[in-house]
Amino acid sequence: MTPIAADTDRRVWSLSTPNTTYAVHVTSDGRLVQLYWGARMSVDEVVLLAQQRTTAGGSSFHLPGDVEEQLPVEGGLRWGVPSLQVTFPGGVRSAELEFAGDSIEADGDGHRLELVFTDSHFPLRVVLHYRVREDSDVVERWVTLKHVGDENEEPFAVGRADAGSWLIPERADYRYSAVSGAWAAENQLGRERVPLGEFTLCNRRGNTGHHANPWVMLDDGTATEEHGEVWGVALAWSGTWRITAQRRFEGRLAVTAGFGHDGVTWQLRPGEELTTPPLLGVYTEGGFGAASRAWHRHARAHVLPRPEEVRPVLYNSWEAVWFDVDEESQLEIARKAADLGVELFVMDDGWFGKRVNDHAGLGDWWPNPDRFPNGLGPLADGVRKLGMAFGLWVEPEMVNPDSDLYRTHPDWTIHFPHRRRDELRQQLVLNFGRDDVRTWAHGWLDRLVADHGIDFLKWDMNRSISQGGWPERAGDQDRLWIEHTRGVYEVIDRLRAAHPGLRIESCSGGGGRVDYGILARTDEVWTSDNTDAFHRQSIQHGYSQLYPAAAMAAWVTDSPNPITGRAVPLEYRFHVAMAGVLGIGGNLHEWTDRELEQARELIGVYKTIREVVQHGDQYRLGSEPGQGLSAVEYVHGDNVAVLVYHPHAGVHPAPGHLRLAGLDPDARYEVASDGMAEAGGCTATGRVLMAVGLPVPRRVAGGDWSSAVVRLRRIR
Ligand code: GLA
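Residues numbered from 1 in each chain as written. Predicted model: local features only at pLDDT ≥ 70, side-chain atom pairs only at ≥ 80, totals over all residues. Heavy atoms only, no water.

Another aspect to go through is the site of the ligand. For the ligand, the set of nearby residues contains 13 residues, the closest of which are Asp348, Asp349, Lys458, Gly510 and Asp529. Between the ligand and Asp349, the relevant distance is 2.6 Å, taken from an oxygen atom to a side-chain nitrogen or oxygen of the residue. Contact with the protein chains removes 96% of the 310 Å² of surface that the ligand exposes when unbound. Its residues assigned to classes, the shell around the ligand shows four nonpolar, three polar and six charged. (Near = heavy atom within 4 Å. Polar contact = N/O pair within 3.5 Å; in protein donor to acceptor, adjacent residues only side chain to side chain. Areas by Shrake-Rupley, 256 points an atom, 1.4 Å probe, with all protein chains shown as cover. Nonpolar A, V, L, I, M, F, W, Y, C, P; charged D, E, K, R; others polar.)

Here it is as structure tokens:
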């Protein structure tokens, strides 16, 4: 059965995912509304829903229903938050969209529905696209706008083009979950009651943002980690964005989301098409945990470029030596890293141009001759001889004014004429909307990767975009905000196409560029510049709400931590970093022999569980991370890995058992443990492990900073 069914007479379309149904309908007054979003429902039931719709009567001030629309325009009898705002020639607003047809087709990655609308007077064509897949509960939506007039017509000014609005069905109350944060404090999860009125999450900085991330989840206030209905919406875009939830006194809640921020206008010229980034929606009845697992599965099956791979253990030199890199000292540390079992060695900032600190050199992407007199070849070869792959840090979108590039091409930066070019970290942003800038960036990156057989790039972006001008596009400069991000995507896509073995990490001062747009073209993200294992627990907890462990880089660094000053034992640091893609970022010259020995062992342990961590289904167990006894469990086929944390002994004893989740109740599991020795060697059924739990040994429930890795295997 095709996952998309249409009743064209009644103008009803029903989209099915394995566990959910999403249905839309063009009403008798021509509005495209959401009929249903929830647990699976038959097409007949959906059609009945359309027939039973009642139009609310009452006062002329009564709810006109734009909260239920799929793409409410600014205009007509609508006073809510518009998803689409267009100003036509002569200053005419109030678009009037009329249904013009549908099409359904299989497109290689699922099935697609397109609903076409045209303006009643002006040559504007609007298409709403929907995609569902047979193995994912994500419904994907996006919109294309096309000026279909002839070339002499005036452009249309598009002030807002969201990828769509989602109606959260009528419930007694509404609560939202979202992350906020800052540099070195990303992904702090919060849950609050949705206020009446309009509530906006947004980012105006030009990356995805440390302060917010483009997703929101809604429930009626009663959902828990394991139970209850949750609706989630996430935008796949790495530039500026806005998500607005609108809760009406009359009831119901709508969420509209898309790229761009307030005041940005796109001039849609004759013949031109504007395509929004995809907006993804998930519904589950299984609480926040099930929602996260639906997102993770979708990311692994349909977003990440190489989800089948197991990510290597990485070493990165940043926190160890900061800008102080050269051939000999990097090789020296590489030897130590290789000896621990590291598989990928990445040299961070400081290897190019006059880059000995953050005052100069960005833009001059050739090896610093004082530090690398023979180029990067000897280091790259040396690293490979040690049995590791070789990676490099780059920040292609940036330029220091103190660089040859800026002296030659000051016009390449984002700026307005007659306005200051404010610097942050002594740097400005190159305009990746410009063809010449993209050609230049692709040229040097392509040569760098080809000449040195680079296996891995850490692609950084260390400042926000400000003074967003594009003087050559006077009158239409706002397109910078979209074309810069598209330009970054294009350069990465070309690079990957030309170098299929190349892997890329997305970084923006830590986790400032994490979203489903960048994850479609990078393999992992640098989660945060904060590597304090204690802080990392909450950062990783927030990250895991949407994004999978396979894309979450986590390093073990020095203690006390260079940013927070907190001392944490090596084992605890490792166990926290094992919850994602393990890396090492400490100064190995300062680690004692005992620490190096322990690190070697722990890297070995990680290698036995990493496939389960990176490819498995994730369950968050126990208390809030960092508050008491908490754990992260991963289930992959017959194998289960559980990372258990108990940072501080409280006055109340820790629970005696840790209840697992996601197991086969009737199967027996053999428990092998590193650390939870009392549990090791025993077998138990999945039912017992979920109902009663794993016994938590005294060693873990006792003092401060205790942690453990538990491995279980289903015995057939
Ligand atoms: C950013 C990154 C760090 C490091 C520095 C280098 O802050 O997040 O990991 O690469 O840049 O300048």
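Orientation of helix H10 (residues 570-577) relative to helix H11 (residues 593-615), taken along the N-to-C sense of each, is 25°, at an axis distance of 10 Å. Compared by their axis directions, H10 and H11 come out roughly parallel. Relative to H11, H10 is oriented so that their crossing is right-handed. Here Leu570, Glu571, Phe574 and His575 of H10 lie close against H11, whose contacting residues are Glu595, Gln598, Ala599, Leu602 and Ile603. Here the residues of the contact of H10 with H11 sort into five nonpolar, two polar and two charged. (Axes fitted to C-alpha atoms, helices over the stretch in contact; angles between N-to-C directions. Helix = DSSP H or I, 4+ residues; strand = E, 2+ residues; numbered from the N terminus. Parallel < 35°, antiparallel > 145°, perpendicular 65-115°, else oblique. Left-handed = near helix turned anticlockwise from the far one by under 90°. Contact = heavy atoms within 4.5 Å.)

Another point: the domain arrangement of the protein chain. What the domain assignment lists for the protein chain is domain 1 (4-53 + 64-302), domain 2 (314-610) and domain 3 (621-714). In this structure, domain 1 and domain 3 have C-alpha centres spaced 40 Å apart. (Domains from an automatic or database assignment.)

By the definition in use, this model includes 31 aromatic pairs. Among the aromatic residues, ring-to-ring pairing joins Trp351, Phe352, Trp365, Trp393, Trp412, Trp440 and Trp444 into one connected group. Sitting over the face of the ring of Trp470, Arg473 holds its NZ or CZ atom 4.5 Å from the ring centroid. Over the aromatic face of Trp526 sits the side chain of Arg536, whose NZ or CZ is 4.8 Å from the ring centroid. (Phe/Tyr/Trp six-rings, centres within 6.5 Å; stacked < 30°, edge-to-face > 60°. Lys NZ or Arg CZ within 6 Å of the ring centre and 35° of its normal.)

Quick look at the sheet that holds strand E5 (residues 84-87) now. Strand order in the open sheet made by the three strands is E5-E10-E19, with antiparallel pairing throughout. The open sheet has two free edges, formed respectively by E5 and strand E19 (266-268), since each of these has just one partner strand. Pairwise comparison of adjacent strand axes, ignoring direction, gives a mean angle of 30° for this sheet. (Pairing = 2+ DSSP bridges.)

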